[in-house]
Amino acid sequence: MATVEAAPVRPSDAAPKVINDMSIQIATVNGSGSQTANMVLLRAIFQMGIPVSGKNLFPSNIAGLPTWFTIRASHEGWIARRKEIDFLVAMNPDTAREDVLSLAPGALVLYDEPLKLNTLRQDLEFYAVPFDKIVAGVCPDAKLRKLVRNMIYVGVVARQLDIEMNEVEKALRKQFGKKVKAAELNWGAVTAGFEHATSNLPKQQHFGVRRLNKTAGKILIDGNSAAAIGCMLGGVTVLSWYPITPSSSLAEALIEYLKRFRVDHKTGKATYAVVQAEDELAAAGMVVGAGWAGARAMTTTSGPGISLMAEFTGLAYYAEVPMVIIDVQRTGPSTGLPTRTMQGDITSTAILSHGDTAHILLLPSSVEECYSMAMEAFNLAEEFQTPVFVMTDLDLGMNNWMADPFPYPDQPIRRGKVLSAEDLERLKKFERYRDVDGDGIPYRTLPGTDHPLAGYFTRGSGHNEKAGYSEKPEDYKNNMDRLKRKYETAHKRVPALVTEEAPGAEIGIIAFGSSHWAVIESRDQLEKEQSIKTAYLRIKAIPLSEDIPTFISRMKRVYVVDQNRDGQMYDLIRLMVKSKDIEKIRSVRHYNGLPVDARSITDEILSQELSN
């Protein structure tokens, strides 16, 4: 395809070939204010009724390094990451060459004129824009031009893809809120970009957007904000945390919600406590103390923080104290890549601490489930008197996703087996660690319960059913057997797995968490391209359901999708199936730090199928 320069050419109004199915990648510099411009584009397309998703790839250290934001529009509703880029906005000189060379033939490139990217290839369509010249005419204040400059490409992209300008303006004003002067200045830059494109650039004929009605009633929200709302409505009263990417924004969002909704209207005093601890270990210790005192307490962290919390997690498990930990997973080991996503903490967290431990893990796949599972985590923590982990990841937590509005909870919170003074008076007996009901869950009292029988020693060391110190082998064994029985009871109370059948399917796929969106798209690709029908099982919690071996037994082959190198869920599943079915289970692994995409899953399954 011939190179197209930014010479005055009368734009064509012919219809583009591809409608509402494209990916736009915007390559800029971290700290340049590009995120605001990118969100305006994302929201404008969303407001036009077109299903859309946004993925932000940003550096973990300092401003001035490369950042990429990818917007995917899909009339079919696919919202997983897509590897192919159709329209590149190249604003970063340091990555522009590599970004252009990575494109497939026929892609569009909008670039800053001094970069002269049109000399790199002949099979792309280039559009040069003099950003500095345009922004100088819009923004008299030279200090602000760096931030306003990005809004010019919003106008150019809107013109080239037929994004409705009234929706762009609506999205921009929503983004700036009450900052009217800032909104006006940035709208001027958008308009200038649109007008420049109209007068000087040929109108591309490959991709475009047209209004649909597939986002009506939906919202855009990131998973960390969704989880924060769930924690608040789940009754949290104590948050102890230490900043760590990518979980910090969850704590920050929750703090703002608590300030708004957890204040005594008569006195103006907060009815919650927030402590920024000196490290993750201290944060976990505070949560254990608050949980023991009867508060609904939590912390939020990522993989390195999880490692530091191991000892206090073991204390809460053995002493049977409720606590909620939200792990927004990132790559590892060590510091890893703090701003890249992964599902790498599954194995370590499931047995976190030393000795024989087994924890409840909730595995949300959507922002709706970030909300609902955050609420449910507090109920499960109190019902089972144990740590409960909500395992999200950076992709789910920090990126914006379409969602249905969250339903307001219509059920009361569940405190579990808590004895009041009246209960103790009626029972005439209380032994803290005795299994009365056969489900492994003992009864507890809360500090301050006004009854002589209410007190007991909370022990992280060996203890008997009466909470007395004991080093007797039979006491330790009995206690550990009861804890295992309690965990087996949890099988029936954690969120159930979800299965999607397909008549005649002999191939199964098992996945969890944010991989869900790539899996459902991959299933569509497999059927349309290769006529391979698949059944799908989505895991929502650990302990793993006993229905998983049954699903595997009736399939010819089953592919387990993990976003980690070692196939952590794959290994856990292999441990629970019968020996005759182990050879049926195959692994699909994605671990480069980018969100898994459908094409990678499809290609890997097809490769393994062809090798059979």
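Higher on the page you've got the structure.
All of the points below concern the structure found in this document. In this text the structure is predicted, and so the values were computed from the model without any measurement.

1. Here's the deal with the environment of leucine 424
Link 1 in the chain: Relative to the elements of secondary structure, leucine 424 occurs in helix H16 (residues 421-427).
Link 2 in the chain: Between the C-alpha atom of leucine 424 and that of histidine 451, which follows or precedes it by 27 residues, the distance is 7.2 Å.
Link 3 in the chain: The residues contacting leucine 424, other than those within four sequence positions of it, are Leu419, Lys429, Phe430, Thr445, Thr449, His451, Leu453 and Ala454.

2. Some details on the environment of methionine 165
Link 1 in the chain: Inspection of the secondary structure assignment puts methionine 165 in helix H6 (residues 165-176).
Link 2 in the chain: Ignoring sequence-local partners within four residues, the contact set of methionine 165 consists of Ala158, Trp187, Val190, Thr191 and Phe194.

3. Re the pairing of strand S21 (residues 557-562)
Link 1 in the chain: Where burial is concerned, most of S21 is hidden: six out of the six residues are buried.
Link 2 in the chain: The side-chain alternation of S21 yields two buried faces, one formed by Arg557, Tyr559 and Val561 and the other by Val558, Val560 and Asp562.
Link 3 in the chain: Direction of pairing for strand S18 (residues 507-512) relative to S21: parallel, over a ladder of four bridges. Across the sheet, residue isoleucine 509 finds its bridge partner in S21, namely tyrosine 559.
Link 4 in the chain: The pairing of S21 with strand S22 (residues 585-589) spans five bridges and is classified as parallel. Paired with tyrosine 559 across the strands is arginine 586, a residue of S22.

4. As for the pairing of strand S13 (residues 323-329)
Look at any regular strand and the pattern is simple: side chains alternate between the two faces of the sheet.
Link 1 in the chain: Burial of S13 is extensive: seven of the seven residues sit out of reach of the surface.
Link 2 in the chain: Side chains of S13 alternate between two faces, with Met323, Ile325, Asp327 and Gln329 and Val324, Ile326 and Val328 buried alike.
Link 3 in the chain: Pairing between strand S12 (residues 297-301) and S13: four bridges, direction parallel. Bridge pairing links threonine 299 to isoleucine 325 in S13.
Link 4 in the chain: As defined by bridge partners, S13 adjoins strand S15 (residues 387-393) across seven bridges and the pair is classed as parallel. Residue pairing in the sheet places aspartate 327 in a bridge with methionine 391 of S15.

5. Let's talk about the sheet that holds strand S6 (residues 108-112)
Link 1 in the chain: Taken in spatial order, the six strands of this open sheet run S3-S4-S2-S5-S6-S7, and their pairing is mixed. The open sheet terminates on both sides in strands that have one partner only, identified here as strand S3 (52-57) and strand S7 (125-129). Put simply, the sheet's adjacent strands are angled 15 degrees from each other on average, direction ignored.
Link 2 in the chain: When strand S2 (residues 21-29) meets strand S5 (residues 87-90), the two strands line up parallel, connected through four bridges. By the bridge assignment, alanine 27 is partnered in S5 with alanine 90.
Link 3 in the chain: Against the sheet, helix H1 (residues 34-47) engages S2, S3 and strand S4 (66-74), with an angle of about 0 degrees to S4.

Thresholds applied
- Residues numbered from 1 in each chain as written.
- Predicted model: local features only at pLDDT ≥ 70, side-chain atom pairs only at ≥ 80, totals over all residues.
- Heavy atoms only, no water.
- Helix = DSSP H or I, 4+ residues; strand = E, 2+ residues; numbered from the N terminus.
- Contact = heavy atoms within 4.5 Å.
- Buried < 20%, exposed > 50% of the residue type's maximum accessible area, 1.4 Å probe, protein only.
- Pairing = 2+ DSSP bridges.
- Axes fitted to C-alpha atoms, helices over the stretch in contact; angles between N-to-C directions.

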